[in-house]
Amino acid sequence: DVLDPERLIQCPLVKHHRIRARRFPYHLVKCKESNPEIAKKLATCPFNARHLVPQADLSNHIMKCNDKAFMEQDVVSRSCEPPQEQLNNGSTWQAPPCDEDWETELLEGSESTFVW
């Protein structure tokens, strides 16, 4: 099951590392720090940061990435939403003017002192 947090995933940096899905993002960070030479050769997928692929294969991965569909759906659903100004229903509310002037009050000095 893809959604099972206990399933084991193979690390893209060190092939003999097998990590539980729920710990995988944390492992990637640590493993990149421990293996900087290997990490330099890998590129991160723009659709899912858990996908590390050889830099030469990145464009091929992007074309086939399953998470690309989720991103495209999100973009399409957002483009179908009405613009923000339509959501305001033509409200013309404005904040009332502020009569406070903290700089002047500071220069004039306050008669009352604040006690905690």
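Just so you know, these numbers come straight off a predicted model, no measurement behind them.

Thresholds, definitions, all that
- Residues numbered from 1 in each chain as written.
- Predicted model: local features only at pLDDT ≥ 70, side-chain atom pairs only at ≥ 80, totals over all residues.
- Heavy atoms only, no water.
- Buried < 20%, exposed > 50% of the residue type's maximum accessible area, 1.4 Å probe, protein only.
- Helix = DSSP H or I, 4+ residues; strand = E, 2+ residues; numbered from the N terminus.
- Arc of directions from axis to C-beta.
- Contact = heavy atoms within 4.5 Å.
- UniProt positions renumbered as here; feature names shortened; annotations may be inferred.
- Core = buried A, V, L, I, M, F, W, Y, C linked by side-chain atoms within 4.5 Å.

## With respect to helix H1 (residues 24-34)
Of all the positions in H1, only Phe24, His27, Leu28 and Cys31 are classed as buried. Looking straight down H1, one finds that the buried residues subtend no more than 105° of arc, so they occupy a single side. For H1, exposure combined with an orientation more than 90 degrees from the buried face picks out Lys30 and Glu33.

## Focus: the side chain of His27
Relative to the elements of secondary structure, His27 occurs in helix H1. Setting aside residues no more than four positions away along its own chain, His27 makes contact with Cys11, His17 and Ile19.

## Quick word on the UniProt feature "domain: CHHC U11-48K-type" (unreviewed entry) in the protein chain
The UniProt record marks residues 8-35 and 42-69 with the feature "domain: CHHC U11-48K-type" (unreviewed entry), using the residue numbering of this structure. The span residues 8-35 shows a helical share of 39% and a strand share of 21%, and its end C-alpha atoms are spaced 21 Å apart. The distance from the first to the last C-alpha atom of residues 42-69 is 23 Å, and the span holds 36% helix and 21% strand.

## Comments concerning the nonpolar core
Cys11, Leu13, Val14, Ile19, Phe24, Leu28, Cys31, Leu42 and Leu52 form the largest nonpolar core, which has nine residues in total. For this core, the element with the most residues is H1, which contributes three residues. Beyond its immediate sequence surroundings of up to four residues, Ile19 is in contact with Arg7, Leu8, Ile9, Cys11, Phe24 and His27.

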